[in-house]
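Spelled out from the first residue to the last, the chains are:
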Amino acid sequence: MLASLLALSSTATQAQEPAYPAPRDVSSKTEAPKVSGTVTLQRAISLAIEHSPELQALAWDANGSLARIRQARLWPNPELEYERENFGGTGKFDGSDLAETTLSLAQALPVGGDIKQRRKIAELDSQLADWDYHAARLETIAEVTRRFVAALAADRSLLLAKQELELAQATEELTQNRVDAGDASPLELSRVIVPVITTELALKRAERLREAAYRRLSLSWGERVVTFTEIAGDLDALSPAPSPEVLVQHLAENPDVARWAIEISARIAERRLAKAEAIPNITGRFGLKRDNESGDEAIVVGISLPLPLFNRGQAQIQSARAGEASARSRQKAAELRLERLLSESYSELANAYDEAVAIRDRALPAAEKAYQGTQLAFKEGKLPFLDVLDAQRTLFELQESYLQALQAYHIGAANIESLIGRSLAELSR
């Protein structure tokens, strides 16, 4: 059932070639899809990814980062300068006969490599946007998988509740026949009615829980009303997980870890940009000067260079170094946090697997056999009803425990797959 997680998350570890959905104008009102028929996990994940407002926003952010790369490659605009002097004064400068007019073009020359470093930062920021998108995409897949597993468990729980009610009603009918035949006391019938009422209430509760689980799943793609009829998946599929050592090796592929290598490079680029900006930019000027009195014209060439006496960018450089150190610490913190989450998820997965296998292969067959035996003996009048009730309760509790173990197993698997960015089935081959 969870194999589709791999197909939909495999690109999450390849930030160099991100596969974004075409961004939609989320400000405009768009109706959620009306999903009919049977929903599979892969279909639910596809719908959630396509209609997730968060992923759409991150896709827009990624597209915006590409535009910022193009912007960072541009040189500063030249400046057109117009100057008029020696007019409107006193004496010989009265009027404009001696006026001189200069028209020139000035261009700043970033000799410190500012443009190169700004472009580098913009490119790294774009890669960070890629990782942010992939991290959100993986979390979307994991959350949809958890909701889908919960919906499958709700289906199974409803089925068990119906079976329990049928068994309780069958026992009530059998007891009624024995009472009518004079083989049992009417007191036994009053005892039988209690389990029937209890299972009826449990059935109603299971129906409401199933409706809630279906609605949560439908909300994954933005639909507030459940329009599909059923879901399809194999909740009983179990396989042992790879060793923790194998799983830890793939943690580096998690976007929350992988992004920090880019983050550190971005902070290094910021430090280099700060050093580049500390080098004064040269501004060159070229123009034409005209003397009104003689009508002569001449070329004007100039150059200006700021003197770094007070501001040499020292605080900006220091800030960039602090940012680089902070990024390295956060990288280590992210690695430790994910290792802790992986350890917890693996423990939950392993415990759920062991419990599910033990109940399936040993406890449930024995409980079913015991229940059938006590029911037959009760029918023949060899055992009291309390023995049947005890065997029935044991069987129901084991079935519920088995269902809870299956749900915990698949949710644990989804959590681990979201941490390592790949399918457990792939690692088990």
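Residues numbered from 1 in each chain as written. Predicted model: local features only at pLDDT ≥ 70, side-chain atom pairs only at ≥ 80, totals over all residues. Heavy atoms only, no water.

Engineer: Even after reading the chapter, I still don't get the side chain of Arg271, so can you show me in this structure?
Structural biologist: Mapped onto the elements, Arg271 comes out in helix H7 (residues 255-278). In this structure Arg271 comes out as buried when scored by relative accessible area, which is 17%. Those residues within four positions of Arg271 in sequence are excluded, and the remaining contacts are Ala320, Arg321 and Glu324. (Helix = DSSP H or I, 4+ residues; strand = E, 2+ residues; numbered from the N terminus. Buried < 20%, exposed > 50% of the residue type's maximum accessible area, 1.4 Å probe, protein only. Contact = heavy atoms within 4.5 Å.)

Engineer: How should the pairing of strand S6 (residues 297-304) be read in this particular structure?
Structural biologist: Both faces of the sheet carry side chains from a regular strand, because those side chains alternate between them. For S6, a buried count of 0 out of 8 residues is recorded, marking the element as mostly open to its surroundings. Sheet analysis places strand S5 (residues 282-291) next to S6, joined by 8 bridges and oriented antiparallel. The residue bridging Thr283 from the neighbouring strand is Ser304, located in S6. Hairpin connection, S5 to S6: the antiparallel pair is bridged by 5 residues, and Gly295 has positive phi, about 75°. (Pairing = 2+ DSSP bridges.)

Engineer: What am I meant to see in the packing of aromatic side chains here?
Structural biologist: The final tally for this structure, using the stated rule, is 3 aromatic pairs. An angle of 55° between the planes, with centres 6.0 Å apart, marks the rings of Trp221 and Phe228 as tilted. Considered together, Trp221 and Phe228 belong to a single accessibility category, that of buried residues. Between Tyr353 and Tyr409 the ring centres are 6.1 Å apart and the planes differ by 40°, which places this aromatic pair in the tilted class. Of the two residues, Tyr353 sits in helix H8 (residues 314-379) while Tyr409 sits in helix H9 (residues 385-420), which places them 56 residues apart along the sequence. Three or more aromatic residues joined by ring pairs form one cluster here, namely Tyr214, Trp221 and Phe228. (Phe/Tyr/Trp six-rings, centres within 6.5 Å; stacked < 30°, edge-to-face > 60°.)

Engineer: Can you walk me through the layout of surface pockets in this structure?
Structural biologist: Space inside the largest pocket adds up to approximately 660 Å³. Along its surface, the largest pocket is lined by 27 residues, and Ser157, Glu164, Ala202, Arg205 and Glu400 are the ones closest to its centre. For the lining of the largest pocket, the secondary structure elements donating two or more residues are helix H4 (114-180), helix H5 (186-219) and H9. With 11 residues, H5 is the single largest residue contributor to the lining of the largest pocket. (1 Å grid on protein atoms, 1.4 Å probe; cavity = no way out; pocket = protein on both sides within 12 Å on 5 of 7 lines; lining within 4 Å. Points joined across faces, edges and corners; volume = space filled by probe spheres on them.)

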